[in-house]
Every structure is written in structure tokens, then in C-alpha cells.
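Summary of the model geometry
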Amino acid sequence: MKPLLPAPNQTIANETWHVLSGEKVAALLGVRPAHGLEPGEVERRLAVYGRNAIAAAHRRRPLMILASQFADFMILVLLVAAVVAGFLGEPQDIVAILAIVVLNATLGFVQEYRAEGAMEALRAMAVAHAHVRRAGKARTVSALEVVPGDVVLLEAGNVIPADLRVVEAAQLRVEEAALTGESQPIEKTTTSLAEPGLPLGDRRNMAYKGTLVTHGRGAGIVTATGMETELGRIATLLRDADEVKTPLQKRLTRLGQQLSIAVIVLCAVIFGVGVLRGEEPGLMFLTAVSLAVAGIPEALPAVVTISLALGARKMAKRNALVRRLPAVETLGSVTYICSDKTGTLTQNRMRVDAFYVDGRLARAAPRDGDEPWRLLLDGLALSNDATRRADGEPEGDPTEVALFLAAAAAGREKASVETGMPRVGELPFSPERARMTTLHRRVDGIVAFTKGAPERVVEDCTDRMAATGNAFLDRRAVLAAAEEMAESGLRVLAIAYRRLAELPADLAPDAIETGQTFLGLVGLIDPPRPEARESVALCQSAGIHVVMITGDHPATAGAIARALGIAQAGDAIMTGQELARLSFEEFERRVEGLRVYARVAPEQKIRIVKALQDRGEFVAMTGDGVNDAPALRRADIGVAMGRGTDVAREAAHMVLLDDNFTTIVGAVREGRRIYDNLRKFVKYTLTTGVGEILPLFLAPFLGLPIPLLPIHILWINLVTDGLPGLALAAEPAESDVMRRPPRPPRESLFAGGLWQHVVWVGLLMGSVTLGTQARAYRTGLAHWQSMIFTVMALSQMAHVLAVRSERESLFRQGLWSNRPLLGAVVLTLALQMATLYLPALNTVFQTQPLTLAELLLSLGLSSVVFVAVEIEKAVRRRA
């Protein structure tokens, strides 16, 4: 890539950035690392270099979508039929068939274009963010807006948004498996490297787009964006990959293939029998082709894609961003939701509620107090990454913000304290150490402040700070006080410090976090979300077990779990230490009886997921950290927090934009609704197929003429299987959707009586049509074919209204609860009446107007299907 501000005739290849010093890179790219780019310069560079995006593969343009509508096998068969009709001298059939082909293509185009739009909107929402330094301030921007020369700030959990030359590094480690295949994180440095031809994995002062920060923090200057990055170069070498189908799509595709074979065989039989009976071969060919088009459910896979995409878009509006489409389909099978506590089940508004200092419990810190208060408050302010925004409001991790504000309220504002004790080193928090340490320079040396879990911090302290100076530390008394605070629902942190003569050359935990002086305990409270208890109860009524997993103290976890109804008094709480001691087989035996896990390390989550899955459970797991990613990927539904790390979001199937447990429950409800509606569509379309095929197949054997003309069959297929069938996707959730047990993930689509319904209602629909034909034809009724045409079309409208619910009566649901379906039914009825009573359409469809008595009789016969299905639902309700 060329530098933005090159010297005359100077060009620098992208792969040589690592040989330059950080200062040289900054000069070539026209940026001061401590200040960053100005907003105007960012806009200029964005216009020159474009958005920081990898070119999307497989994006279908409108013309491609439209053309694909005419590439369908059955549409090609119809076009052949139109040609045959032309040779037979049937111009009205040519016009009708072509009109139906165009209408079908239009409907298909609109549906697929909407689905593509829904998926594009989801892709836009899923774009990662980047933390950059611009105009001297840290900002969070869309990764798409990062430009060459931007200064990107890095910390553990970030996905690197562009190729960078590292200019700041504090124990910065990056996992580059996406590019190099090497899973071991690489320690990054800021020094220049001598060899221009180093392979990617050895360029230790570079960081590349798509790789993951696993430890520490740093900053880098963007050297390449978009397709100019190393990841972009790989993308240009890849061919467009085929889109992965969901399991349900695959099952329906196989079903469609099997049904297609059966229907084609039946159509061949109908054609043969008709010709043997003396029917016109051309008419029989068109009839067989039309019947094949009507009987084969070729739209099923497309309807699944559309339903899932639109369902995912609806979830996104409710703060559940679906990253992998199959998650929509599988949400209805969840049997366990393993949820974080902080911010998901609670309000994520931490505040300091109590202190334990010098052997006494206090509700507030004194302003300008003596030791050990002064050192304790300095520790809260300094061992803390929270900051104030330009408007004065604090920002950062909720726990750190609470500590930051508690120190400020007692007169120890971080900015002023830091002036006298600037940070010179740190040991970032890690789940293994369960603590964080920062080192600060004072006039008399170095002081290290540590905050973390009481049982981990106190064990490495040798004494405590009292008002009179250093004193004996009674660890048992301190831990008992921590236990008592935790039992009241507080999250407890211990604060300690250590003086050092000079900054150690090696910032190793063993050298710094030992021999410390205990300062005190801080108790923070994060109240449960008011709506969470109701959501937990809703899950339990739906047969879904809620499990709380937290790094907090067991007593704190138990108090919150009991308040939310997740656990009862006396229920076992398993800690991470206990879990580590159990064999996997023993843990598997106990896992289904556990509802609360405390002091659990993120990597232990994967053990919980695996144990539940081995017991046949279907698990949704929440997480937000780097170490949560394996568990999120292993879970059947991985749910990342919107506030969490990029790594967690990349590993998850779904992202909670509001970090609210209630949103997970709403997503499960939506998943169940979508699956129910797909079943209704399958039930409806297969039943109508049976109802159409049966009379055409049996009529010749009963000595009756072919009941419907090809144009009638195609018309019914278009208007009844089209809009009304698709409008079933808009059906609201049934009232008992969250009172049923979860659906087994491998359950057949035809379970729960669906295939029996298809058979008996299809037989009933076909029998009503055949009965109408036999009666009308043998009594010499001139309008017999128009009457059969009407009975068949209206029977299907009666059926679509009846199958809106598997149990509830339509009269209880109300016609207005699905307005798109009601509109589709009314429109279909109007179009059907037009084919009977408009002279121009009488010629096209070869119909005659029915008398009022004939029309009422047709309506009465059509309602037989509706009444029968309502009786079936009444029997189900009483069962």
C-alpha cells in the first residue's frame, strides 16, 4: 500500500512496514500517535481509501434474483407447456400460463428480495466496532470507518479491525490463528525488525485484521484497511462459497425431492389413464404438468429461508441479533439457559454499599479520612480503568465505575490522585489470578495496588493496615466478614497494597502480588432486574431450566438466585473449586440438579455445557469474555453480551444488544413461534397438494371426466398456495407457546400429528371435491366444472383459516389477530369471484357464473373442511 503522505517518488510496500520505526511509520502516515487523526482528515481518507470492509461474497443483485425465478425446474416445465399449448392451438392457455409464470416470478422476486434485504440489514448490524484515538480523545467507531493512519487502541478481547503497526504494547499478546494457523498467542513489541521478508507470524510489531487480542493492551497505527489487508488478500483468492443451509431446509429439500418423485409418477398415471379413456392427449399433458406444478411443494425451502431471515430481523428489533440463521430455528429446542449474573440477570448498575476497614463495617467512606482509609481510597481510584467522558460522566466496567465514584465521593478523584502517582505498570485481571494489580510511581518509590477476590488476595497478605500502622492480619476474621457481606447479596472485593523500592524489570505476579498489606473489603450491590424474576418463571413454565453462572462469591450468587426464583433455600451451590475436584463422570451425574455456580472460571463453562449435552439437554450459554468463547461455540446456542468482547461476539450464535436475560426469553419465544408457523405452512401446503391430486387421480377410475382444467389447477396453486400460505409466517405466537415443554432438537417436522392431519384432511378435501363433481355432473348441471373449481379454491381458504392454530379455535383467536392472512384470504376470494363473474375472465378460465344457490352451496361444501379441523382441535384441547 502507498503511504498517504509520501516523500517525493517514494513508495513503501505493505509488507515492509515492520522494518520501520514507529516514529517513521507515524510520519509517513501523517499522524501523531498521542493525538490521532482529526475528524476532517478521517473523512478525506475514507473518501480516498473507502470503507474498511472485506468484499461480501455471494451477494445477489436484484436482476440475479429475478432471473433465478425463471430457472426453477417447474417454471421451465410450465414454459414447455405453454409451447405445447401453442402447437395445440390454445391461445388462451398460452396467455394464462405465461401470466401465471410472470405472477409467480413477481411474488418470488418480492419475497426473496425482502429476505436478502433482511439479511443485509443483519450483516450491517453485526459489524464490529473499533476503539480509536482521534483529536486527542478515545472514541468508539464502526470498524468500517477505520482509515489508514488511524490510531487503534487495543485490549484483551478485541478483534483487530485493520492491519496495524504496533506503537504501544503492555504485555500485548495476539492470537493469529486466522492467518497463520498458529494458535499460540504472539507477544507483540514496538521495536522495528531488520529483515524485510519475514513471514507474517514473525512480524512481532504488526497486528493484522481479524486476529484476536488475548492479553494486555496497546495501540497501533493502521497501515492497511479493507481488501488491502492480509485478510483481504486471502479473500481475493477464495471463490464464493455456497451458502450453508439450515438443518430444517435440508430436511425439507429431501422431502420436496421425495414428494416430487411421487407426484410425477401419479401425474404419469393420470396422463396414461386419461389417454386410454379417450381424452385429448394435449389436454391430458397440460393437466399432468399443471398437477405436477401444484402438487410439488417447490417453495418450501425458500419459505424457510424467508421466514428465518424475517424472524431474525424481528429479533434484532427486540435487541437479539442473530448471527447464524440456524439459531432462529433451533431456539425452540432450548432446555437449559446458563446465564451470567451481572448485567444479564441484574441491572449492571453497581454501587458501593459497604466497607470493612480496620475490623469494622461502615456504610460510607469518610471524606479526607486517615489511614487505612486514605490508602484504600487511593487503591480504588488508581487500580481502576474507569475514566470520565468530556461531559463529566464516568465510563468503563460497571464494577470499576462504582469504585471510581466511591473514591471520588470521599474526595479522592482519580485524575488528581494520579497526578502524584502516575501508573507505570500493571498486571491485568485474569480469571486464574482473580485479581488486578497496577503499579504507580511516588517520590519514595513504587506502590502496587491490588483488588480482587477476598480469598485470593487475603491469602497473599502478611499483615493489615490499621489506624496505628501495620498490624496483625486475622485472615479467618476477614474472610468471615467477607462471607457475611456476601450472604447479604453484596459482591465483595479485597484491596491490598505493597511498597517497592523500584519498578521490577519483570512484572511477574509472583514477584508483586505476594507479601502485601491488607487494606479492606468493599461490598458492591447490583440489584436484580425487576423483569428478570418474571422471565425466569416463564422459562420454568416452558420446561426450560435456568442456571446462573457467576464469578462472584457463593453467598452473593445464592442471594441473587433465590431473589430471582432460580434457586430455593437449601439448594446446592457449586463453586469452581468443587467443580475442578470432581471427575467428569461424577459431575455428569449431578449436573441436572444444579442451578447455581459461583467462583467459576470462564473455561469451566465448557465443562458445564458438555455435561448437560451428554445428558441429552439443549443448552443456551451466555458469555462476554475472551475465555467464554469456547463455551459459546460449544453450546447449542451461544449468546454473547453486546457489552462483551469482540471474541465472544464472533463465537456466538446470537448477541444480546441490551444484555438483558428477558431478551433471551423473548428470543426463545420468537424461535418457537417461527417453528410453529413453518409447521403450519407445511401442513397447509401438503394438505392442499393431496386435496388437489386426489380428485384428478381418482376421477377417471370412477368414470368421471377430468374435474379441473390445467388453467384451474395453476390458478388455485398460485392464489391459494401463494399469499395465504406465506401469510401464515405472520401468525402471532399461540397463547401456550411458553407453557409447552421444549421441542426435541431431532424431532421430525411431522411429529405431533402433522402427517396424520395432511392425510385425513387432504382425503376429506379431495372427497368433497369428488362428491361435488359426481353430484353436479350426473344431475346434468351445466356449471359443474365452475362449481368444482370454486369448491376446491374455497376449501383451501377454509383450511388456511382453520390451521392458524393446532389447538385454539379460530373464534377464540379472532380474525383480526393475523391481518396479513385475513387480507390474503379476502383478496383470494375476490380474485376467485372475478374468475366467475367477469366476462373477460370467463373466456380465459372457461368458467360460467354460478347462480346464488350454486354459490351458497359451494360455500357450504367448502366449510366442511373448516368444521372438521375445528372439531379436530376441540378433541386435542380435551385430550
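This text goes with the structure placed above it.
What counts, and at which threshold
- Residues numbered from 1 in each chain as written.
- Predicted model: local features only at pLDDT ≥ 70, side-chain atom pairs only at ≥ 80, totals over all residues.
- Heavy atoms only, no water.
- Helix = DSSP H or I, 4+ residues; strand = E, 2+ residues; numbered from the N terminus.
- Buried < 20%, exposed > 50% of the residue type's maximum accessible area, 1.4 Å probe, protein only.
- Contact = heavy atoms within 4.5 Å.
- Areas by Shrake-Rupley, 256 points an atom, 1.4 Å probe, with all protein chains shown as cover.
- Core = buried A, V, L, I, M, F, W, Y, C linked by side-chain atoms within 4.5 Å.
- Patch = residues over 30% accessible without salt bridge, like charges linked within 9 Å, V, L, I, M, F, W, Y side chains within 5 Å.
- Salt bridge = Lys/Arg side-chain N within 4 Å of Asp/Glu carboxyl O.
- Lys, Arg positive; Asp, Glu negative; His and termini not counted.
- Charge placed at Lys NZ, Arg CZ, Asp CG, Glu CD.
- Axes fitted to C-alpha atoms, helices over the stretch in contact; angles between N-to-C directions.
- Parallel < 35°, antiparallel > 145°, perpendicular 65-115°, else oblique.
- Left-handed = near helix turned anticlockwise from the far one by under 90°.
- Nonpolar A, V, L, I, M, F, W, Y, C, P; charged D, E, K, R; others polar.
- Pairing = 2+ DSSP bridges.
- Phe/Tyr/Trp six-rings, centres within 6.5 Å; stacked < 30°, edge-to-face > 60°.
- Lys NZ or Arg CZ within 6 Å of the ring centre and 35° of its normal.
- Polar contact = N/O pair within 3.5 Å; in protein donor to acceptor, adjacent residues only side chain to side chain.

Bringing the overall build of the protein chain into the picture now. Scanning the protein chain from terminus to terminus reveals 33 helices and 26 strands. Residue burial in the protein chain is summarised as follows: out of 879 residues, 53% are buried. Sequence separation of at least 24 residues holds for 72% of the intrachain contacts in the protein chain that already meet a minimum separation of 6. In the form shown here, the protein chain has an accessible surface area of approximately 37,100 Å², with 58% of it arising from carbon and sulfur atoms.

Right, let's talk about the environment of Pro398 for a bit. Looking at the secondary structure, you find Pro398 in helix α13 (residues 398-409). When neighbours within four sequence positions are excluded, Pro398 is seen to be in contact with Asn348 and Met350.

What follows deals with unusual backbone geometry. Look at the link from Glu371 to Pro372: it is a cis peptide, with omega at 5 degrees. Tracing the backbone through its elements, the reader meets Pro372 in the loop between β11 (360-362) and α12 (373-382). Not every positive phi belongs to a glycine, and Ala135 is a case in point at roughly 50 degrees. Within the secondary structure layout, Ala135 lies in the loop between β1 (129-134) and β2 (137-142). A residue is classified by how much of its surface remains accessible, and Ala135, at 22% relative accessible area, is partly exposed. The phi dihedral of Asn319 is positive, around 75 degrees, even though this residue is not glycine.

Here we take up the nonpolar core. Counting residues in each nonpolar core, the largest one holds 42 residues, and the members touching the most others are Met315, Ile337, Met548, Ile566, Met654 and Phe661. It is helix α25 (residues 661-698) that contributes the most residues to this core, seven residues altogether. Ignoring sequence-local partners within four residues, the contact set of Ile566 consists of Leu345, Val536, Gln540, Val546, Met548, Ala561 and Arg595. Ranked by size, the runner-up nonpolar core spans 29 residues in total, among them Leu321, Met574, Ala611 and Ala651.

What follows is about a positive patch on the surface. The grouping of Arg807, Arg812, Arg877 and Arg878 at the surface amounts to a positive patch. Among the secondary structure elements, Arg878 is positioned in helix α33 (residues 852-878).

Between α12 and α13, whose axes approach to 8 Å, the crossing angle comes to 135 degrees. Judged by the inter-axis angle, α12 sits oblique to α13. Here α12 runs over α13; the crossing is left-handed. Contact residues: α12 offers Leu377, Leu380 and Ala381, while α13 offers Leu403, Ala406 and Ala407. Among the residues making up the contact of α12 with α13, the classes are represented as six nonpolar, no polar and no charged.

A few words now on the sheet that holds strand β9 (residues 336-340). If you trace the eight strands from one edge of the open sheet to the other, you get β8-β26-β25-β24-β9-β21-β23-β22, paired in mixed fashion. With partners counted over all chains shown, the strands left at the sheet margins are β8 (320-322) and β22 (573-575), one partner each. Strand after strand, the sheet turns through a mean of 20 degrees between neighbouring axes, direction not considered. In the sheet, strand β25 (residues 637-641) pairs with strand β26 (residues 654-656) via three bridges, with the strands oriented parallel.

Attention shifts here to the environment of Pro394. Assignment of secondary structure puts Pro394 in strand β13 (residues 394-395). Separated by 10 residues in the primary sequence, Pro394 and Phe404 place their C-alpha atoms 8.2 Å from one another. Residue contacts for Pro394: discarding those within four places in its chain leaves Thr387, Arg388, Arg389, Val401, Phe404 and Leu405.

Interhelical geometry of helix α28 (residues 754-778) versus α33 gives an angle of 155 degrees and a closest axis separation of 9 Å. Judged by the inter-axis angle, α28 sits roughly antiparallel to α33. In the crossing of α28 with α33, the sense of the turn from one axis to the other is right-handed. For the pair α28 and α33, contact is made by His757, Trp760, Val761, Leu764, Met765, Val768 and Thr772 and by Leu861, Val864, Val865, Ala868, Val869 and Glu872, respectively.

Where nonpolar side chains cluster on the molecular surface, the patch consists of Ile261, Val265, Val269, Leu698, Phe701 and Leu702 and spans about 540 Å² of accessible area. Counting residues per element, the nonpolar patch draws most heavily on helix α8 (residues 247-276), at three residues. Mapping Val265 onto the fold places it in helix α8.

Moving on to the pattern of salt bridges. On inspection of all chains with the given rule, the structure shows 37 salt bridges. The partner of Asp353 in a salt bridge is Arg363, with the nearest N and O atoms 2.9 Å apart. With a gap of 10 residues between them, Asp353 in strand β10 (residues 351-357) and Arg363 in the loop between β11 and α12 connect regions that are remote in the sequence. On the accessibility criterion, Asp353 (22% relative accessible area) is partly exposed. For Arg363, a relative accessible area of 55% translates into the label exposed. With a shortest N-O distance of 2.8 Å, Lys451 and Glu400 are connected by a salt bridge. Taken together, the residues span a long stretch of sequence, with Lys451 in strand β16 (residues 445-452) and Glu400 in helix α13 at a distance of 51 residues. The pair Lys451 / Glu400 is uniform in exposure class, with both members buried. In the salt-bridge network here, residues are joined through shared partners; they are Arg217, Asp385, Arg423 and Glu426.

Turning our eyes to something else, we now look at the packing of aromatic side chains. Working definition: an aromatic ring pair is given by the centre-to-centre distance plus the angle between the planes. Applying the stated criterion across every chain, the model contains seven aromatic pairs. Positioned above the aromatic ring of Tyr675, the side-chain terminus of Arg743 is 3.6 Å from the ring centre.

The next subject is α12. Most of α12 is tucked away, with nine of its 10 residues classed as buried. By the burial criterion, the buried members of α12 are Trp373, Leu375, Leu376, Leu377, Asp378, Gly379, Leu380, Ala381 and Leu382.

What follows is about the side chain of Glu734. With respect to the helices and strands, the residue Glu734 is situated in the loop between α27 (723-727) and α28. Side chain to side chain, Glu734 and Ser805 meet in a polar contact 2.8 Å long. Ignoring anything within four residues of it in the chain, the contact list for Glu734 reads Lys680, Arg740, Arg804, Ser805, Glu806 and Arg807.

Our focus in this paragraph is the environment of Ala415. Locating Ala415 in the fold gives a position in helix α14 (residues 414-420). Taking the C-alpha atoms as reference points, Ala415 and Thr387, 28 residues apart in sequence, are found 8.6 Å from one another.

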